[in-house]
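Now for the letters of each chain:
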Amino acid sequence: MVGAATTSLPERARAGRNYDYRYVWLRDQCYAGQAVAAAGPHPLLDDAVRFVAARLHQDGPRTSPAYTATGGRIPDQSGLGLPGYPGGYDRVGNWVNRQFQLDVFGEALLLLAAAHRYGRLDADGWRAAEIAADTIATRRHEPDAGIWELDDRIWTHSRLICAAGLRSLAQAASAGHSRHWTALADSLLAEAAATSTHPSGRWQRSPDDPGLDAALLLPPLRGALPAHHPRTLRTLRAYTRELTDDHYAYRFRHDERPLHEAEGAFLLCGYVMALAEHQQGDQEEALRWFERNRAACGPPGLYAEEYDVGQRQLRGNLPQAFVHALMLETATRLSDAPLPPPNSRGG
């Protein structure tokens, strides 16, 4: 189980950005399961599948982004009136319990597909996949909070990662499901291309937000579109140019302040950059990204969500499950034979 024992560090002292993270995020479960699957079949993969599938069966299209460790509802956010550490707040509960995050359903499909590749997806798992795919079909046009749990929009990443999940499991599904899920993935991709392609040819965050976002690097890694597709390459190069510094990566630009003043470097994004460069066949650059972000841990070797590159301090919740998951996956994939350059691959 991941995400059930995290605590919150002050992300910014006196800024009010401290939250209760002591819960199980489904996205983290999916990332952890995929990371384990990258190294081979393991009981941790089965645990992740079991928890995610149970939540899909339990709540269907109203599946929450996070739960208690026993699968219960997270309490509403409130304060206890207790003194805390400097800059901290005594918040319990989390408002994520009221959010809809479409990308969770795509991540669930990717996790279930990983389990199937090792022959570890049973009838319960396939039914969970049907629930996730049906939810994508019925709720795809609704604004959602997205991977970063922000305001509700038609986030491009959410649609693309759902397309990746549908494509991934469609390859192993029955003929009827395969046709339906492939068509749905094609439709999601076509709609995103029509509404969220920046004039420069890269992806943009949403139809009404032309900005860049680290999350947009994930869908090509998961098979939503090819590694050498023009939008994949243009998004990667624009993101590298505008949202990274000294091999530290940031989610998106909050305002005109320097990147490191708005928030800490997001370690998840650093590992995603390593995977993206590995996918492009640049093993040397991938290793640079991996080593830079690997070193941004605390004395016990645990990673927080963010890293303040100026003060060399951890920020956010500790330990952060999805950072550890991506670190494991990146280490595993970089230890494999390097991928050939994109122009030597078909598709």
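Being a predicted model, the structure only gives us computed values, none of them experimental.

Caption draft 1: Looking closely at the side chain of Ser196. Note that Ser196 resides in the loop between α6 (175-195) and α7 (218-221). For Ser196, the side chain forms a polar contact with the side chain of Thr156, separated by 3.1 Å. Side-chain polar atoms of Ser196 contact the side chain of Thr195, separated by 3.4 Å. When neighbours within four sequence positions are excluded, Ser196 is seen to be in contact with Thr156, Arg202, Trp203, Gln204, Ser206 and Pro207.

Caption draft 2: Quick look at helix α12 (residues 321-335). Over its 15 residues, α12 extends 22 Å from the first C-alpha to the last, a length consistent with the 21 Å expected when each residue adds 1.5 Å. Residues of α12 that are buried: Ala321, Phe322, Val323, Ala325, Leu326, Glu329, Thr330, Thr332 and Leu334. The secondary structure elements touched by the buried residues of α12 are α1 (26-39), β8 (265-266), α10 (267-279) and α11 (283-294). Capping the start of α12 is the job of one residue whose side-chain oxygen sits 3.0 Å from the backbone nitrogen of Phe322: Gln320.

Caption draft 3: Expanded view of the confidence of the model for the protein chain. Residues with a pLDDT of 70 or more make up 86% of the protein chain, whose mean pLDDT is 88. A low-confidence stretch, residues 1-6 stays under pLDDT 50, and its non-local contacts, those more than four residues away or across chains, total 26 contacts. Note that residues 341-347 has pLDDT below 50 and, in this model, 11 contacts with residues that lie over four places away or in other chains.

Caption draft 4: Fine view of the sheet that holds strand β10 (residues 313-315). Ordered in space as β8-β9-β10, the three strands form an open sheet in which the pairing is antiparallel. The sheet is open, and its two edges are formed by β8 and β10, each paired on a single side. As defined by bridge partners, strand β9 (residues 306-308) adjoins β10 across three bridges and the pair is classed as antiparallel. Among the inter-strand pairings, Glu306 is bridged to a residue of β10, identified as Arg315.

Caption draft 5: Structural detail: the packing of aromatic side chains. Taken as a whole and assessed by the stated rule, the structure comprises five aromatic pairs. Taken together, a centroid distance of 6.3 Å and an interplanar angle of 45 degrees make the contact between Phe100 and Phe105 tilted. Residue Phe100 shares its accessibility class with Phe105, and that shared class is buried. The interplanar angle of 75 degrees and the centroid separation of 5.4 Å between the aromatic rings of Trp148 and Phe266 together place this pair among those described as edge-to-face. With a gap of 118 residues between them, Trp148 in the loop between α4 (123-139) and α5 (156-170) and Phe266 in strand β8 connect regions that are remote in the sequence. The buried category is assigned to Trp148, whose relative accessible area is 10%. The lysine or arginine in question, Arg231, covers the ring of Trp203, its NZ or CZ lying 4.6 Å from the ring centre. The ring of Trp148 carries Arg251 above its face, with NZ or CZ at 5.2 Å from the centroid.

Caption draft 6: Expanded view of the packing of α10 against α12. Taken N-terminus to C-terminus, the directions of α10 and α12 make an angle of 20 degrees; their axes are 9 Å apart at the nearest point. One element, α10, and the other, α12, form an angle in the roughly parallel class. Crossing angle aside, the handedness with which α10 passes α12 is left-handed. Contact residues: α10 offers Leu267, Leu268, Tyr271, Val272, Ala274, Leu275 and His278, while α12 offers Phe322, Val323, Leu326, Met327, Glu329, Thr330, Arg333 and Leu334. Among the residues making up the contact of α10 with α12, the classes are represented as 11 nonpolar, two polar and two charged.

Caption draft 7: Just the pattern of salt bridges, in detail. Enumeration over the complete set of coordinates arrives at 23 salt bridges. The residue Arg120 makes a salt bridge to Asp46 at a minimum N-O spacing of 2.6 Å. With a gap of 74 residues between them, Arg120 in the loop between α3 (103-117) and α4 and Asp46 in helix α2 (residues 43-59) connect regions that are remote in the sequence. Taking the relative accessible area as the measure of exposure, Arg120 reaches 31% and is therefore partly exposed.

Caption draft 8: Structural detail: the nonpolar core. Ranked by size, the top nonpolar core spans 55 residues in total, and within it Tyr31, Trp148, Tyr239 and Leu268 carry the most contacts. Considering every element that reaches this core, the biggest residue donor is α10, with nine residues. Not counting residues up to four positions away in its chain, the partners in contact with Leu268 are Tyr31, Trp148, Phe322, Val323 and Leu326. Core analysis: the next-biggest nonpolar cluster, separate from the first, contains 42 residues, Leu56, Phe105, Leu112 and Ile131 among them.

Caption draft 9: Quick peek at the environment of Leu111. Here Leu111 shows up in helix α3. When its relative accessible area of 0% is taken as the criterion, Leu111 is described as buried. On a C-alpha basis, the gap between Leu111 and Ala129 in space is 9.7 Å, while along the polypeptide they are 18 residues apart.

Caption draft 10: Layout of the environment of Gln311. Along the chain, the position of Gln311 falls in the loop between β9 and β10. With 47 residues separating them along the chain, Gln311 and Gly264 place their C-alpha atoms 9.9 Å apart. Polar contacts involving the side chain of Gln311 include one to the side chain of Arg315, which spans 3.5 Å.

Criteria and cut-off values
- Residues numbered from 1 in each chain as written.
- Predicted model: local features only at pLDDT ≥ 70, side-chain atom pairs only at ≥ 80, totals over all residues.
- Heavy atoms only, no water.
- Helix = DSSP H or I, 4+ residues; strand = E, 2+ residues; numbered from the N terminus.
- Polar contact = N/O pair within 3.5 Å; in protein donor to acceptor, adjacent residues only side chain to side chain.
- Contact = heavy atoms within 4.5 Å.
- Expected span 1.5 Å × (residues − 1).
- Buried < 20%, exposed > 50% of the residue type's maximum accessible area, 1.4 Å probe, protein only.
- pLDDT = per-residue confidence, 0-100.
- Pairing = 2+ DSSP bridges.
- Phe/Tyr/Trp six-rings, centres within 6.5 Å; stacked < 30°, edge-to-face > 60°.
- Lys NZ or Arg CZ within 6 Å of the ring centre and 35° of its normal.
- Axes fitted to C-alpha atoms, helices over the stretch in contact; angles between N-to-C directions.
- Parallel < 35°, antiparallel > 145°, perpendicular 65-115°, else oblique.
- Left-handed = near helix turned anticlockwise from the far one by under 90°.
- Nonpolar A, V, L, I, M, F, W, Y, C, P; charged D, E, K, R; others polar.
- Salt bridge = Lys/Arg side-chain N within 4 Å of Asp/Glu carboxyl O.
- Core = buried A, V, L, I, M, F, W, Y, C linked by side-chain atoms within 4.5 Å.

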